[in-house]
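The residues making up each chain are set out below.
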Amino acid sequence: MHTNTLKSLSDALAKGDISSRELTQLFLDRIKQHDSGINSFITLTEELALAQAKTADDARAAGNAGPLTGIPIAHKDIFCTQGIKTSCASKMLDNFIAPYNATVVEKLNSSGTVTLGKTNMDEFAMGSSNETSFYGSVKNPWNTEYVPGGSSGGSAAAVAARLTPAATGTDTGGSIRQPASLCGITGLKPTYGRISRWGMIAFASSLDQAGPMTQTAEDAALLLNSMAGFDPKDSTSTDKTVPDFTADLGNSHEGLRIGLPKQYFDSGLNADVENVVQDAIKQYEKMGARIIEIELPNTHLSIPAYYVVAPAEASSNLSRFDGVRFGYRCDDPADLEDLYKRSRGEGFGEEVKRRIMIGTYALSAGYYDAYYLKAQKVRRLIKNEFDRAFADVDVIMGPTSPNAGFKLGEKASDPLSMYLSDIYTISVNMAGLPGISIPAGISSGLPVGLQIIGNYFDEAKLLNVAHRFQQETDWHARMPAAFQ
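An account of the accompanying structure is given in this report. Source: prediction; values computed, not measured.

Helix and strand counts for the chain come out as 15 helices and 11 strands. Against the 2.2 N^0.38 benchmark of 23 Å for 484 residues, the chain shows a C-alpha radius of gyration of 21 Å, consistent with a compact globule. Reported as C-alpha extents along the three principal axes, the dimensions of the chain are approximately 65 × 55 × 45 Å. Out of the 484 residues in the chain, the part that is buried amounts to 61%.

A word on the pairing of strand β5 (residues 186-189). For a regular strand, the rule is simple: side chains alternate between the two faces of the sheet. Of the two faces of β5, both are covered, the one formed by Thr-186 and Leu-188 as well as the one formed by Gly-187 and Lys-189. Pairing of β5 with strand β6 (residues 209-214) involves two bridges; the strand directions are antiparallel. Paired with Gly-187 across the bridge in β6 is Met-213. Sheet topology note: the β5/strand β10 (residues 435-443) ladder contains three bridges and is antiparallel. Directly across from Lys-189, in β10, lies its bridge partner Gly-435.

Further remarks concern the nonpolar core. Phe-124, Tyr-284, Phe-386, Met-397, Leu-450, Ile-452 and Leu-463 are the most contacted members of the largest nonpolar core, which has 143 residues in total. In terms of residues, this core owes the most to one element, helix α9 (residues 302-317), which gives nine residues. Beyond its immediate chain neighbours, meaning those up to four positions away, Leu-450 contacts Val-277, Ala-280, Tyr-284, Met-397, Gly-398, Thr-400, Ile-436, Ser-437, Ile-438 and Ala-440.

A separate point is a nonpolar patch on the surface. There is a patch of nonpolar side chains on the surface, built from Val-324, Leu-336 and Tyr-340 and spanning about 250 Å² of accessible area. Of note, Leu-336 is situated in helix α10 (residues 336-347).

Turning our eyes to something else, we now look at the side chain of Arg-194. In this structure, Arg-194 sits in the loop between β5 and β6. Judged by its relative accessible area of 4%, Arg-194 is buried. A polar contact of 3.0 Å, which involves the side chain of Arg-194, links it to the side chain of Glu-459.

Rules used in this analysis
Residues numbered from 1 in each chain as written. Predicted model: local features only at pLDDT ≥ 70, side-chain atom pairs only at ≥ 80, totals over all residues. Heavy atoms only, no water. Helix = DSSP H or I, 4+ residues; strand = E, 2+ residues; numbered from the N terminus. Rg over C-alpha atoms; globule rule 2.2 N^0.38 Å. Buried < 20%, exposed > 50% of the residue type's maximum accessible area, 1.4 Å probe, protein only. Pairing = 2+ DSSP bridges. Core = buried A, V, L, I, M, F, W, Y, C linked by side-chain atoms within 4.5 Å. Contact = heavy atoms within 4.5 Å. Patch = residues over 30% accessible without salt bridge, like charges linked within 9 Å, V, L, I, M, F, W, Y side chains within 5 Å. Areas by Shrake-Rupley, 256 points an atom, 1.4 Å probe, with all protein chains shown as cover. Salt bridge = Lys/Arg side-chain N within 4 Å of Asp/Glu carboxyl O. Polar contact = N/O pair within 3.5 Å; in protein donor to acceptor, adjacent residues only side chain to side chain.

And the structure:
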């Protein structure tokens, strides 16, 4: 049963083949049995999960069930969950119990989902490998010597190992799509503003976006139906009608125009990864799609621009963690200044402190125009390039990550090399576009993801394009042998 998709489990619950309590217990048992090897969970909420499962079973017996009623899921530990530790994988919030639910959590609770627990992540979502967590690195279930990607590495690893049918994630520069690629699952970053950010602990407010992490595009569509929608509590939420994202999944790809950016297939791309991606594109051609070569010449500027904008916003957002109101507080401070310095110095990890320092510098007097303002201008250039491209194509395709994965510790002492892991994903966040990564093949025993980028609020088309590929291939159904 644990190998079934979310859609299959929903159908099984509807037919009465299994109860939510039985299904929830099955996944709780799998987490206890297997998670010690990959460290994908920070908190297991067994008592809450079983209580929610009983409520779901009662609702189904009363005829009040929806597609997600009784489905177990996990939440990235960046979403506030009422009465449950919400740590952002940081010592700074190791003792923080959220007093309310994030809107995403509230929406999924209202849909009848069951919360198995909170997943591990890079500290404050800052990282591409899930090695910066206060609770230790997450390991890739396909090969535990390798990273699962980040920052949503815990969610990706848990779904890949079938410890949960689905999980929530957040994507600031690729943090849903890159770990989805490295772990062989489906990960969707919706259009900026499609899903509320209220109650999601902020890293970079103009870039952060929540999204689903699942086995299949169909499962992602089911989750997105519940996660999306306007939220008056979030000033960045878009008041736009939410369609049924499952309605168009079966549409034909005849005449679909696929854009291939030359810049996504340069010398920085691993040859085996390129072969996998090109094979996937050939599959789309067999399905009736038309390939069009396009130019995105400012792609190489996305990394430097991002690492000015994102740290600048992080510097501002993380100033609230001062040892006064909540979170970690140093012992026996001599005075207020000592309290601030030691609480932040002891509470934050090295990568978080690095980004705060970069961001503070970029925003400082005399450097704002030279760095932050210039980065925002580059951001506009990137958006304009995508706008021009979508005048000629329906979707854009390419690799999600330049390689299939790298070993734990391999890039820990080289931040720049780590940052380049997101070279193909960051520009999507800079432009605010939707993007999805789906499993497309295997390279040296590790999964390879195909990234599909869509136009604004065109998630339904993205999910259709991904779903049709998954109807013709079985890469999404493969899982690590050790967890079968």
